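An overview of the molecular structure
Listed here are the chains, written in short residue letters.
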Amino acid sequence: MARSRRPLIAGNWKMNGLRADAMNLATGVAAGVKRAGWTDREVLVCPPATLVMAVSEAVKGSGVLVGGQNCHASVSGAHTGDISAEMLGDAGASHVIVGHSERRTDCGETDTDVRHKAEAAWRAGLLPIVCIGETLAERESGRTLAVLETQLKGSVPAGATAAKLVVAYEPVWAIGTGKTPSVAEVAAAHAHIRRVLTGLIPDAGALRLLYGGSVKGSNAGELLAAGDVDGALVGGASLKADEFLAIAKAA
Ligand code: PGA
């Protein structure tokens, strides 16, 4: 891993956590991060929107960062049930995941939607984590790299720089399945992503590329050591403080 790019270990709690359990998880992660005293990596947790404020309070002073899992593209308005990037920031978030494959599938989010959400994150002073990744059918038909390129070109806003954007590569078929690509496949995808980004942003070499999809304590070491991997976006394994901290330690 290129040490010039500070690794980011991000936990995506998805639609999991009522207050009591979430507080235990947040304080457990915060205690572990504080104990470790890492200055060479960043640890982020993205709880459900209902808990962003409480988790932000709970991790205060530990160094743990807090993010949202999605935002609306607009600042405010008649969008029942939606949450703006400004609202996430107001609740204590510094980051927001946009374009996760579950939202692309469940909510029909397109690359254009994702791009507008990333722009909304900037407007609110948040760092967007733009997610991309191929389906199993796309991989099996040899279209992985082309799909990633299309998603990047559609989802990354004009004006992006390494300081203003994180990209997460999450093969859809690896999310929540216990399956992962080989280390060589991860490295090849990440090298391709960085190559495509070179045509889109001025300092692509400094941008952080996360791998996501069935990352756990036992495979984090090898996945995080793959070329061009600068951290992980972790779902299931981020719901246990010890497991998540083990991944952060591996970074
Ligand atoms: P997983 O999810 O770690 O449970 O596979 C990753 C993600 O969806 O971000």
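What comes next concerns the included structure. Every chain begins its residue count from 1, and numbering advances along the sequence as written. Under the rules for a predicted model, residues below a pLDDT of 70 receive no local features and side-chain atom pairs below 80 are neither given nor counted, while totals for whole chains, interfaces and linings still include all residues. Hydrogens are left out, water is left out, and the side-chain values use all remaining heavy atoms of the structure.

**A word on the overall build of the protein**
This is how it is decided: Strands here are runs of E lasting at least two residues and helices are runs of H or I lasting at least four, both read from the DSSP assignment and numbered beginning at the N terminus. Our radius of gyration is a C-alpha quantity, and the globule rule it is checked against amounts to 2.2 Å times the number of residues to the power 0.38. For the exposure calls, accessible area comes from a 1.4 Å probe over protein chains only, and a residue counts as buried if that area is under 20% of its type's maximum, exposed if over 50%, partly exposed in between. Contacts between residues were defined by any pair of non-hydrogen atoms, one from each residue, lying within 4.5 Å. Residue-level accessible areas treat just the shown protein chains as cover; the underlying method is Shrake-Rupley with a 1.4 Å probe. The charge count treats Lys and Arg as positive and Asp and Glu as negative. His and the chain ends do not count. Positions of charges follow a simple convention, taking NZ of Lys, CZ of Arg, CG of Asp or CD of Glu.
Across its full length, the protein carries 10 helices and 8 strands. Against the globule reference of 18 Å for 251 residues, the protein gives a C-alpha radius of gyration of 17 Å, in line with a compact fold. When the backbone C-alpha atoms are referred to their principal axes, the protein occupies close to 45 × 45 × 30 Å. Sorting the 251 residues of the protein into buried and exposed places 51% on the buried side. Here the analysis covers contacts within the protein between residues at least 6 apart in sequence; of these, 73% occur between residues at least 24 apart. Per element, the accessible surface of the protein, about 10500 Å² overall, is 54% carbon and sulfur. Positive and negative side-chain charges of the protein, numbering 25 and 25 respectively, have mean locations separated by a distance of 4 Å.

**What about the site of the ligand?**
Here is the rule we go by: When at least one non-hydrogen atom of a residue lies within 4 Å of a molecule or strand, that residue is treated as near it. Polar contacts here mean pairs of N or O atoms no more than 3.5 Å apart (in protein, one a potential hydrogen donor and the other a potential acceptor; neighbouring residues in sequence count only if both atoms are side-chain atoms).
By nearness alone, 13 residues border the ligand, and K14, H100, E170, G176 and S214 come closest of all. Measuring from an oxygen atom of the ligand, one finds a side-chain N or O atom of H100 at 2.6 Å. Contact between the ligand and S214: an oxygen atom at 2.7 Å from a main-chain N or O atom of the residue. Considered on its own, the ligand offers 280 Å² of accessible surface; in the complex 95% of this is hidden by protein.

**Remarks on the packing of aromatic side chains**
Where we set the bar: Ring pairs shown here join Phe, Tyr and Trp side chains whose ring centres sit within 6.5 Å, with only the six-membered ring taken for Trp; geometry is labelled stacked below 30 degrees between planes, edge-to-face above 60, and tilted in between. Consider the ring centre and the ring normal. A charge sits over the ring if Lys NZ or Arg CZ is within 6 Å of that centre and within 35 degrees of that normal.
Here the structure, examined in full by the defined rule, presents 1 aromatic pair. In this structure, K164 is placed above the aromatic ring of W122, and the distance from its NZ or CZ to the ring centre is 4.1 Å.

**Here's the deal with the nonpolar core**
Proteins that are soluble and globular tend to have nonpolar side chains buried together. For clarity, the cut-off: In this text, buried Ala, Val, Leu, Ile, Met, Phe, Trp, Tyr and Cys residues form a nonpolar core when linked through side-chain atoms within 4.5 Å.
Counting residues in each nonpolar core, the largest one holds 66 residues, and the members touching the most others are V29, V167, I193 and L197. Top contributing element to this core by residue count: helix 1 (residues 19-36), with 6 residues. Residues in contact with V29, not counting those within four places in the same chain, are V43, V45, V64, A241, F244 and L245. Counting residues in hydrophobic clusters, the runner-up holds 12 residues, among them L8, A10, L44 and I129.

**Details of the environment of A124**
Here A124 lies in the loop between helix 5 (111-123) and strand 5 (127-132). In the structure, A124 is positioned 29 residues away from K153 in sequence and 23 Å away in space, judged by C-alpha atoms. When sequence neighbours within four positions are dropped, the list of residues in contact with A124 reads A85 and E86.

**Comments concerning the sheet that holds strand 5**
Operational definition: When DSSP finds at least two bridges between two strands, those strands are taken to pair. Helix axes are fitted to C-alpha atoms over the stretch in contact, other axes to C-alpha atoms as well, and angles between N-to-C directions run from 0 to 180 degrees.
The 8 strands are arranged 1-2-3-4-5-6-7-8 in a closed barrel whose pairing can be described as parallel. Along the sheet, successive strands turn relative to each other by an average axial angle of 25°, direction set aside. Relative to strand 6 (residues 166-169), strand 5 runs parallel, the two sharing 4 bridges. Its bridge partner lying in strand 6, I129 is registered against V166. Sheet contacts for helix 5: strand 4 (95-98) and strand 5; angle to strand 5, the most-contacted strand, approximately 165°.

**Describing unusual backbone geometry**
For K14, which is not glycine, the phi dihedral falls at a positive 55°. For K14, the position within the fold is in the loop between strand 1 (8-12) and helix 1. Of note in the backbone geometry, S214 takes a positive phi value of approximately 60° without being a glycine. Structurally, the position occupied by S214 is in the loop between strand 7 (208-212) and helix 9 (217-224).

**Topic: the environment of G221**
Here G221 shows up in helix 9. Of the residues examined, G221 reaches a relative accessible area of 35% and is grouped as partly exposed. Sequence separation of G221 and R123 is 98 residues, and the distance between their C-alpha atoms is 35 Å.

**Comments concerning the packing of helix 7 (residues 144-155) against helix 8 (residues 183-198)**
Geometrically, a packed helix pair is captured by the angle between its two axes and the distance between the axes. Rule in force here: Between 65 and 115 degrees an angle is taken as roughly perpendicular, under 35 as roughly parallel, over 145 as roughly antiparallel, and anywhere else as oblique. In this scheme the crossing of two helices becomes right-handed for a clockwise turn of the near helix relative to the far one and left-handed for an anticlockwise turn of less than a right angle. Three categories are distinguished: nonpolar for Ala, Val, Leu, Ile, Met, Phe, Trp, Tyr, Cys and Pro, charged for Asp, Glu, Lys and Arg, and polar for the others, with Gly belonging to the last.
Contact pair helix 7 / helix 8: the axes reach a minimum separation of 10 Å and the direction vectors enclose 40°. Of the possible angle classes, the one that applies to helix 7 and helix 8 is oblique. With respect to the hand of their crossing, helix 7 and helix 8 are arranged in right-handed fashion. Facing L145, L148, E149, L152 and K153 of helix 7, the residues of helix 8 in contact are A188, A189, H192, I193, V196 and L197. A per-class count over the contact of helix 7 with helix 8 returns 8 nonpolar, 1 polar and 2 charged.

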